[in-house]
There are 2 protein chains.
Amino acid sequence: MQGNTAMLRTTEIFSISKDVSVRCTNCNLRELCLPESLSPDEVLRLNGLVSARRRLKKGEALQRAGEPFKSLYAVRSGSFKTCIATEDGRDQVTGFKMSGEIIGLDGIGTNTHIIDVVALEDSEVCAIPFTRFEEASREMAGLQKQFHRIMSREIVGEQGVMVLLGSMRAEERVATFLLNLSRRFRARGYSPTEFNLRMTREEIGSYLGLKLETVSRVMSRFHELELIQIKQKHVLILDPQRLKDIASSATSSV
Amino acid sequence: MQGNTAMLRTTEIFSISKDVSVRCTNCNLRELCLPESLSPDEVLRLNGLVSARRRLKKGEALQRAGEPFKSLYAVRSGSFKTCIATEDGRDQVTGFKMSGEIIGLDGIGTNTHIIDVVALEDSEVCAIPFTRFEEASREMAGLQKQFHRIMSREIVGEQGVMVLLGSMRAEERVATFLLNLSRRFRARGYSPTEFNLRMTREEIGSYLGLKLETVSRVMSRFHELELIQIKQKHVLILDPQRLKDIASSATSSV
DNA sequence: CGCTCTCTTGAACAGAATCAAGAACGGTGG
DNA sequence: CCACCGTTCTTGATTCTGTTCAAGAGAGCG
């Protein structure tokens, strides 16, 4: 379970992994990333596409809006925020990317990146030159299918955020956000109930359409209610079920 | 400028079109739809993929969440709303689709549709069986590229909606919405300043994350300010520039 | 050790939601 | 052609959620 590994010794970062060899073939993000459901020889071929591994320091940008689109990136380790800046000075976080997730899909449509992607911590990505990738996916039905799936899921995921932003109240938004993180940590083999937030309250607020004070207040309230324990960036989920109830309390109806 | 035309005499619906022959090759949505930027022989081939034309009455569903995903649809005429219903009874409009736009991308990821798509007026679509489409796009680089572009633009478009929902005030949202419609009507050869809304205030509100009363109030205010003239579904845009100013008034900053 | 950035908490305020009533429209059938 | 019905839209009064403004406490870093 990991990004694209291209010549990366997995043990360099994750002591979990026993297998020390390199690239997609042995990447422990295989099940979450592009190789998901590819045949072994397809993975091998995909492997050859990964042009480079790139390390980023916290705060560094992987891509900036306006830059020409060349490559997709698979997050190998660490995490990123994706932000969109409108002409009128608005700047909003539109997502958070964790290991195994694909970055850069925004650039395909116009050959220019639309969003900024910034590392939330020291991170590493696998770069996949898109022209070569398109070629390969014309020759490998499995890779093509997997790529279509990934884009489709991105679309569906964003619709979920639209529902959150369009119809949820602050508590529902924050609960949904925490549960979403929890699920993604679990999928990566980490504890779903105890983790550290990589982003600030302001970034969470921007993503959830709330002010940072509101995020802080809601979290404090959840703490008082003993749904979670939170101290700065450290989160402990105490009562996932009640959180779920809050996340889908469906005030509206009819 | 039109959806996929598959064996449709364009004059049946649009008296504008002089050329009476059929399918993508002569569809007047060519520039907006899948054929955009394809070579003539690629268009011909795409043409063969369109399995059927389907007519829908106002209120009829083109697809329902939960149904198996088989085909993409290109809107030939009319318009649709896309809605997502969550388990907890929330139901939200996530988009409006006009002629030339592609519907069904949500189903690719899981082979099951996630969203409902309902006709806002009597409409017509071209169905494109996806398996055959994937095959064809492996053989035609141009079609593959175009499809990737369409999905990417869908992703970028949704991010735009996320910004709207996450950081705009009611007036900004409604102004943005009206300008968006205006732009899309213009792209289809209709007047960008005078058109009829196909959706109710409630549907607009659902899409914009507002209540129908708020939508109504904001529109009335725009009318008073002489930015628009609005009577029920009929809209006349009087001052596009001031509307644009409102749409990007960037209250926040820093 | 001091500085800055981040987070928490309180009090006052504002924008949109809610509740409510009535008007306008569109379709139907007499 | 007109009367009736349900749906959609408008408008007002009130309420409430989240924002804004403000101050102080913690944490992390050089």
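Quantities reported herein were computed from a predicted structural model and do not represent experimental measurements. (Residues numbered from 1 in each chain as written. Chains lettered and ligands numbered in written order. Predicted model: local features only at pLDDT ≥ 70, side-chain atom pairs only at ≥ 80, totals over all residues. Heavy atoms only, no water.)

To continue, consider the protein's contact with DNA strand C. Taken together, 19 residues form the shell around DNA strand C, and within it A:Arg201, A:Ser216, A:Ser220, B:Ala170 and B:Thr214 come nearest. The sugar-phosphate backbone supplies 67% of the atoms of DNA strand C found within 4 Å of the protein. Residue B:Glu213 places a side-chain N or O atom 3.3 Å away from a base nitrogen belonging to DNA strand C. Among the secondary structure elements, those contributing two or more residues to the surface near DNA strand C are helix 7 (212–224) of chain A together with helix 7 (212–224) of chain B. It is helix 7 of chain A that provides the largest number of residues to the surface near DNA strand C, a total of 5 residues. In terms of residue class, the surface near DNA strand C is built from 3 nonpolar, 7 polar and 9 charged. (Near = heavy atom within 4 Å. Polar contact = N/O pair within 3.5 Å; in protein donor to acceptor, adjacent residues only side chain to side chain. Helix = DSSP H or I, 4+ residues; strand = E, 2+ residues; numbered from the N terminus. Nonpolar A, V, L, I, M, F, W, Y, C, P; charged D, E, K, R; others polar.)

The next point concerns the interface of chain B and chain A. Each partner contributes residues to the interface: chain B has 45 residues there, and chain A has 45 residues. Between chain B and chain A, roughly 4500 Å² of surface is buried when both sides are summed, and carbon and sulfur atoms account for 57% of that area. Area buried by chain B at its contact with chain A is led by B:Arg90, B:Arg138 and B:Met162, which between them contribute 18% of it. For the pair chain B and chain A, the interface holds 4 salt bridges. For the salt bridge of A:Arg90 with B:Glu172, the shortest nitrogen-to-oxygen distance reads 3.3 Å. The tally of links between chain B and chain A comes to 28 residue pairs in polar contact (both at pLDDT 80 or more). Listing elements by their share of the side of chain B that touches chain A, those giving two or more residues are strand 5 (91–97), helix 3 (130–139) and helix 4 (141–167) of chain B. When residues in the side of chain B that touches chain A are grouped by element, the largest group, 20 residues, is from helix 4 of chain B. Counted by class, the side of chain B that touches chain A contains 18 nonpolar, 16 polar and 11 charged residues. (Contact = heavy atoms within 4.5 Å. Buried area = accessible area lost by both parts, 1.4 Å probe. Salt bridge = Lys/Arg side-chain N within 4 Å of Asp/Glu carboxyl O.)

All names here are of chain B. Taking strand neighbours across the sheet as the criterion, the 4 strands line up as 1-8-3-6 in an open arrangement whose pairing is antiparallel. The open sheet has two free edges, formed respectively by strand 1 (52–56) and strand 6 (102–103), since each of these has just one partner strand. Pairing of strand 3 (residues 71–77) with strand 6 involves 2 bridges; the strand directions are antiparallel. Among the inter-strand pairings, Ala74 is bridged to a residue of strand 6, identified as Ile102. In the packing of helix 3 onto the sheet, contacts are made with strand 3 and strand 8 (123–129), and the angle to strand 8 comes to roughly 60°. (Pairing = 2+ DSSP bridges. Axes fitted to C-alpha atoms, helices over the stretch in contact; angles between N-to-C directions.)

For the rest of this paragraph, the subject is the domain arrangement of chain A. Interface size, as often reported, equals the accessible area lost upon joining of the parts. Residues and elements named next belong to chain A. Partitioning chain A into structural domains gives domain 1 (6–145) and domain 2 (168–253). A separation of 26 Å is found between the C-alpha centroids of domain 1 and domain 2. Every contact between the two is made by 16 residues of domain 1 and, on the other side, 12 residues of domain 2. Of the roughly 1300 Å² buried where domain 1 meets domain 2, counting both sides, 58% is carbon and sulfur surface. Inspection of the domain 1/domain 2 interface yields 4 salt bridges. Arg184 is the partner of Glu101 in a salt bridge, and the nearest nitrogen-oxygen pair spans 3.0 Å. Inspection of the domain 1/domain 2 interface yields 7 residue pairs in polar contact (both at pLDDT 80 or more). By residue number, the principal contributor to the side of domain 1 that touches domain 2 is strand 5 (residues 91–97), which donates 7 residues. For the side of domain 1 that touches domain 2, a count of residues per class yields 6 nonpolar, 5 polar and 5 charged. (Domains from an automatic or database assignment.)

Pairing in this open sheet of 4 strands is antiparallel, and the strands run 2-7-4-5 (chain B) from one edge to the other. With partners counted over all chains shown, the strands left at the sheet margins are strand 2 (61–63) and strand 5 of chain B, one partner each. Taking the axes of each pair of neighbouring strands and ignoring which way they run, one obtains an average angle of 30° across the sheet. Where strand 4 (residues 80–85) of chain B lies against strand 5 of chain B, 6 bridges are found, and the strand directions are antiparallel. In the sheet register, B:Ala85 faces strand 5 of chain B, and the bridge partner there is B:Asp91. Helix 4 (residues 141–167) of chain A contacts strand 4 and strand 5 of chain B of the sheet and is inclined by roughly 120° relative to strand 5 of chain B.

This part covers the relation of the copies chain B and chain A. Of the transformation placing chain B onto chain A, the axial shift is 0.0 Å and the rotation is 180°, giving an RMSD of 0.0 Å. Taken together, the rotation angle and the small translation identify this as a two-fold axis. If distances are taken from each C-alpha of chain B to the rotation axis, the shortest is found for B:Arg138, at 2.1 Å. In this assembly, 100% of the residues forming the interface of chain B have copies in chain A that are likewise at the interface, indicating an isologous arrangement. (Least-squares fit on C-alpha atoms with pLDDT ≥ 70 in both.)

With that settled, the discussion passes to the pattern of salt bridges. Residues and elements named next belong to chain B. Applying the stated criterion to the full structure yields 30 salt bridges over all chains. Two residues, Arg45 and Glu139, come together in a salt bridge whose shortest N-O distance is 3.0 Å. Note that Arg45 is positioned in helix 2 (residues 40–49) and Glu139 in helix 3, a separation of 94 residues in sequence. Two residues, Asp239 and Arg242, come together in a salt bridge whose shortest N-O distance is 3.1 Å. Since its relative accessible area comes to 22%, Asp239 is described here as partly exposed. (Buried < 20%, exposed > 50% of the residue type's maximum accessible area, 1.4 Å probe, protein only.)

With that out of the way, let us pick up the packing of aromatic side chains. Residue and element names in this part refer to chain B. This model, assessed by the stated rule, comprises 18 aromatic pairs over all chains. Arranged with centres 5.2 Å apart and planes meeting at 65°, the rings of Phe96 and Tyr207 form a pair that is edge-to-face. Of this pair, Phe96 sits in strand 5 while Tyr207 sits in helix 6 (residues 201–208), placing them 111 residues apart in sequence. Given a relative accessible area of 7%, Phe96 falls into the buried group. Judged by its relative accessible area of 14%, Tyr207 is buried. Between the aromatic rings of Phe133 and Phe147, the centroid separation amounts to 5.0 Å while the plane-to-plane angle is 75°, which identifies the pairing as edge-to-face. Residue Phe133 is found in helix 3, and its partner Phe147 is found in helix 4; the two are separated by 14 residues along the sequence. (Phe/Tyr/Trp six-rings, centres within 6.5 Å; stacked < 30°, edge-to-face > 60°.)

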